[in-house]
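Summary of the model geometry
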Amino acid sequence: MENHRAEEEILTVKGLSVSFTQYDRGFGRKEIQAVTDLDLRIRIGEIVAVVGASGSGKSLLAHAVMGILPYNASMSGEILFKGTPLTSGRVRRLRGRELVLVPQSVTYLDPLMKTGQQLTKGRKNPEILEKCKNILSSCGLGLEVMDKYPFQLSGGMARRVLISTAAMEDAELVIADEPTPGLDKKTAMGVMDHFRQMADRGAGVLLITHDLELAVRSADRVTVLYGGRTVEETEAFSFLDEGLLKHPYTKALCRSMPGKWPSADALENDRESGIPDEGILEYMRKEYGR
Amino acid sequence: MGVGRRAHRSGRTGHGTGKTVWGLLAFQTARMALLVALVSILAFVLLSVSPVDPLQTNVGQAALGAMSPEQVERLKGYWGVDLPPAERYLSWAADVLRGDMGTSLLYRRPVAEVIWEKLSNSLWLLASSWLLSGLLGFTLGVLAGRKRGRLCDRLVTGYSLLAASTPAFWTAMVLLMVFAVYFKWFPIGLSVPIGVTAEEIALGDRIRHAVLPAAALSLTGISSVALHTREKMVSIMESDFVLFARARGESETSIVLRHGLRNVLIPAMTLQFASISEIIGGSVLVEQVFSYPGLGQAAVTAGLGSDVPLLLGITVVTAVLAASGNLAASILYGIVDPRIRKGAAR
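Note that the structure is predicted; figures quoted are calculated from it, not measured. In every chain, residue numbers begin from 1 and rise along the written sequence. Starting at A for chains and at 1 for ligands, labels are handed out in the order in which the entities are written. Local features are withheld for residues below a pLDDT of 70 in this predicted model, meaning they are given only at 70 or higher, and side-chain atom pairs are given and counted only at 80 or more; totals for whole chains, interfaces and linings count all residues.

So, on to the overall build of chain B. In this description a helix means any DSSP run of H or I spanning at least four residues, a strand means any run of E spanning at least two, and both kinds are numbered starting from the N terminus. If you tally the helices and strands in chain B, you get 15 helices and 0 strands. Judged by the C-alpha coordinates and their principal axes, chain B covers about 90 × 55 × 40 Å. In this scheme every C-beta is placed from the backbone, and a residue whose C-beta has 20 or more other C-beta atoms within 10 Å is buried, one with 12 or fewer is exposed, and one in between is partly exposed. For chain B, the residues scored as buried account for 34% of the 346 residues in total. Counted over contacts in chain B with a minimum sequence separation of 6, partners at least 24 positions apart contribute 76%. We call two residues in contact when the distance between their C-beta atoms, placed using the backbone, is within 7 Å.

As a further point, take the UniProt feature "domain: ABC transporter" (unreviewed entry) in chain A. This chain's UniProt record puts "domain: ABC transporter" (unreviewed entry) on residues 13-252 of chain A. Within residues 13-252 of chain A, the helical portion is 31% and the strand portion 29%, while the C-alpha atoms at the span's ends are 26 Å from each other. UniProt positions are given in the numbering used here, feature names are shortened, and annotations may be inferred rather than shown by experiment.

Here the focus is the packing of helix α12 (residues 276-289) of chain B against helix α14 (residues 308-336) of chain B. Residue and element names in this part refer to chain B. Orientation is described by lines fitted to C-alpha atoms, with helices fitted over the stretch in contact, and by angles between N-to-C directions that extend from 0 to 180 degrees. Running from N to C, α12 and α14 cross one another at 150°; their axes reach a closest spacing of 8 Å. By the criterion of interaxial angle, the relationship of α12 to α14 is roughly antiparallel. Of the residues in α14, those touching α12 at I276, S277 and I280 are T318, L321, A322 and G325. Here the contact of α12 with α14 is composed, by residue class, of 4 nonpolar, 3 polar and no charged. Angles are sorted into four bins: roughly parallel if under 35 degrees, roughly antiparallel if over 145, roughly perpendicular if 65 to 115, and oblique for all others. Throughout this entry, Asp, Glu, Lys and Arg are counted as charged residues, while Ala, Val, Leu, Ile, Met, Phe, Trp, Tyr, Cys and Pro are counted as nonpolar. The remaining residues, Gly among them, count as polar.

Spatially, β2-β1-β4-β5 (chain A) is the arrangement adopted by the 4 strands of the open sheet, whose pairing is antiparallel. Two strands close off the open sheet at either side, each with one partner strand: β2 (29-43) and β5 (84-85) of chain A. Strands are treated as partners if at least two bridges between them are detected by DSSP.

Turning next to unusual backbone geometry. Here the phi dihedral of E178(A) falls at roughly 50°; this positive angle occurs in a residue that is not glycine. Its location among the elements puts E178(A) in the loop between β7 (173-177) and α7 (185-200). Residue E178(A) is classed as partly exposed on the basis of its 19 C-beta neighbours within 10 Å. Positive phi, normally seen in glycine, also occurs at R108(B), with a value near 55°. Tracing the chain through its elements places R108(B) in the loop between α5 (85-97) and α6 (111-146). Assessed through the 8 C-beta atoms surrounding it within 10 Å, R108(B) is described here as exposed.

Taken together, the contacts link 20 residues of chain A with 17 residues of chain B. Looking at side-chain class alone, the side of chain A that touches chain B contains 11 nonpolar, 5 polar and 4 charged residues.

Turning our eyes to something else, we now look at the UniProt feature "domain: ABC transmembrane type-1" (unreviewed entry) in chain B. Under the present numbering, the feature "domain: ABC transmembrane type-1" (unreviewed entry) in UniProt falls on residues 119-333 of chain B. Counting secondary structure, residues 119-333 of chain B comes out at 80% helix and 0% strand; the distance between its end C-alpha atoms is 28 Å.

To continue, consider the pairing of strand β4 (residues 73-81) of chain A. All names here are of chain A. Relative to β4, strand β1 (residues 9-23) is paired through 8 bridges, and the arrangement is antiparallel. By the bridge assignment, S19 is partnered in β4 with S74. By the bridge criterion, 2 bridges tie β4 to β5 in an arrangement that is antiparallel. Directly across from F81, in β5, lies its bridge partner T84. Two successive antiparallel strands, β4 and β5, enclose a turn made up of 2 residues, where K82 displays a positive phi of approximately 55°.

For the rest of this paragraph, the subject is the UniProt feature "transmembrane region" (unreviewed entry) in chain B. All names here are of chain B. UniProt marks residues 21-47, 123-144, 156-183, 210-227, 264-290 and 310-336 with the feature "transmembrane region" (unreviewed entry), using the numbering shown here. The span residues 264-290 shows a helical share of 93% and a strand share of 0%, and its end C-alpha atoms are spaced 35 Å apart. The span residues 310-336 shows a helical share of 100% and a strand share of 0%, and its end C-alpha atoms are spaced 38 Å apart.

All names here are of chain A. Along the chain, G52 falls in the loop between β3 (47-51) and α2 (58-66). When the C-alpha atoms of G52 and T209 are compared, they prove to be 7.0 Å apart, with 157 residues separating the residues in sequence. Ignoring sequence-local partners within four residues, the contact set of G52 consists of K58, H210, V224, L225 and Y226.

Attention now goes to the sheet that holds β7(A). Strands in a sheet are paired, the pairing made by backbone hydrogen bonds, and the direction either parallel or antiparallel. Residue and element names in this part refer to chain A. Taken together, the 6 strands give an open sheet; going across it, the order is β6-β7-β8-β3-β9-β10, and neighbouring strands pair in mixed fashion. The open sheet has two free edges, formed respectively by β6 (99-102) and β10 (229-235), since each of these has just one partner strand. Adjacent strand axes in the sheet meet at a mean angle of 15°, parallel and antiparallel pairs treated alike. Where β7 meets strand β8 (residues 204-209), 5 bridges bridge the pair, whose relative direction is parallel. In the strand pairing of β8, L173 is matched with G204. Each of β3, β6, β7, β8 and β9 (221-226) is contacted by α2, which is oriented at about 145° to β7, the strand it contacts most.

Once that is clear, we can look at the pairing of β3(A). All names here are of chain A. Extensive coverage of β3 is indicated by the burial of 5 of its 5 residues. Of the two faces of β3, the one carrying I47, A49 and V51 and the one carrying V48 and V50 are both buried. Bridge count for β3 against β8 is 5 bridges, and the pairing is parallel. Following the sheet pairing, V48 is matched in β8 by L206. Looking at chain direction, β3 and β9 are connected through 4 bridges and run parallel. In the sheet register, A49 faces β9, and the bridge partner there is V222.

Confidence scores per residue from the predictor, reported as pLDDT, run from 0 to 100. Confidence in the prediction of chain A, expressed as mean pLDDT, is 83, and 90% of residues score 70 or more. Every residue in residues 1-6 of chain A is under pLDDT 50, and counting partners more than four places away or in other chains gives 1 contact.

This paragraph deals with the nonpolar core. Here, a nonpolar core means buried Ala, Val, Leu, Ile, Met, Phe, Trp, Tyr and Cys residues linked by C-beta atoms lying within 7 Å of one another. Core analysis: the largest hydrophobic core is formed by 145 residues, its most contacted members being L173(A), V174(A), I175(A), V205(A), L206(A) and L207(A). The dominant element in this core, judged by the number of residues it contributes, is helix α9 (residues 203-237) of chain B, at 13 residues.

For the rest of this paragraph, the subject is the environment of K251(A). All names here are of chain A. In this structure, K251 sits in helix α9 (residues 248-255). Taking the C-beta count within 10 Å as the criterion, K251 has 20 such neighbours and is therefore assigned buried. C-alpha separation for the pair K251 and Q104, spaced 147 residues apart in sequence, amounts to 27 Å.

Residues and elements named next belong to chain B. The pLDDT averaged across chain B works out to 83; a share of 93% of its residues lies at or above 70. Under a pLDDT of 50 for its full length, residues 1-18 has, in the predicted model, 5 contacts with residues more than four places off or in other chains. Predicted complex metrics record ipTM = 0.84 and pTM = 0.79.

Another point: the environment of Y159(B). Relative to the helices and strands, Y159(B) resides in helix α7 (residues 151-164). Between the C-alpha atoms of Y159(B) and L332(B), which are 173 residues apart in sequence, the distance is 30 Å.

It is worth spelling out helix α5 (residues 126-138) of chain A at this point. Residues and elements named next belong to chain A. How far a helix is expected to stretch is found by multiplying one less than its residue total by 1.5 Å. For α5, with 13 residues, the first-to-last C-alpha span of 18 Å sits near the 18 Å given by 1.5 Å per residue. Among all positions in α5, only C132, I135 and L136 are buried. Relative to the axis of α5, the buried residues are bounded by an arc of 100° and lie together on one face. Counted as exposed and oriented over 90 degrees from the buried face of α5: P126, E127, E130, N134 and S137. Where α5 is buried, its residues touch α4 (115-119) and α6 (155-167). G140 occupies a position one or two residues after α5 and carries a positive phi of about 75°. As used here, the arc is the angular range of directions from the helix axis to the C-beta atoms.

Below is the structure:
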């Protein structure tokens, strides 16, 4: 049983740590620990959301898995893709094919290349072109988008073009790095539908976001990060009932969601929640050292 | 159907391009004309406050001393020496616009004719070193910026910094000493062999005479192009879109060829056209070292020999050349960069 589950897992991250070397004043070097001992599992057909404030190491997780960390970063820990270690050689072979990234913003597109060329990666065979057209129309984009440069796309169009780049490959793992900021709720949920479709086709989706509500609504499981560490890993529905959450930070996050704000009365007899009186951020700073 | 669609599309973009480029062209040309006018005013003012005495340089010290005061007065009146500078400038400028740049004192021929002759001598030299420094500088810059901190980068950066801090005339003298004096591979000076009639001069002779000056000019020119291109290439290779291309499984070679070159070409092009002025400036010193009878040397001769009409003419002509380089750069920018072309057309 255990073995079978391991096979189902598309991505397994065990004890991932990422640190940066920075040159300090003078000749001193400084090691900055950005991600510490992070664990994550994504199974087939599953959307796992990683939620955290900015600076919590979310994007670094994505870049570590894709093998595109900056040159001054070093990582340790284990990353398994379909049960086999994802070495730098293997990730170089697989990325862009079995492993795809949906980046944050339009700046990830070449500003001087037409969208169509970027979607097809310059390949010109008819099947690729046909596929590209199908994907664009399924994302609600007209074919004229292919002939446009990135600066001519609106925010929502650019977002859908970025998702189309992922849909061009029949990927088994899709990493979406903040795919929805700047979109209204309806469009954002529409974007999430695309990821759900990819998951339904058998891919694993890693959704990186700071939007807890979006994560709870669209993901199967949610991992909450704070300061580069996993605070809690739980089923998405746990956020519907605060009692199912364990960590005070997660509980506080849960309360911060619209429609979940506790009444003054509730806060008055709030002894059982475990949220410290001093305020959650103060508490986290003490516990996690930042 | 495909053809029809394409024709329609290119027609549309063509129209948009035409509209913006014409607007751009008019604006840039007006700016260039203003610039040249300002340069000529400045040159005129500088020359009019210089100790060059128009009577003495035109007539000669001895002849002037032998003249009676009335004759001197008459000459002064003829040349307008006592007229206010603004009036003199306007009459000179009006003549220049009509194509009359005056007569060179040293050559005793019309200035336009002298400039044309010297310029056509220099043109080979200027054009070849301009192209050479542009192409080599660009290639080196791309190779260096492709991967920051690698050996290739350090070699190119090191060379460029060294070359950029070496004066062109010194490079010229070293080349002269090594390749002309020691190895005797190239002639030590001039643009054609001595003692040969004009009809007997072969193209090969001209090229052999231009090699060392052109090399001296390009060696210095390469460095600024290479350093700028490298800087741009480094920032491209660290950009989000290259990161994404890498995440999409594109190879490093494909990234350099598909994304790197595309994005670095536009700034490099601007730099290349803007560097025309640097090449002209460098040619003044280099031509002096090689006794190359080009525009640069004519400028030095005119300056030392108080040949005011020639000096003014050369100043204006080089200003026009340099400004046309900048003009060409901004026009090409508008044509090549879709963000300007389509952005302005919208």
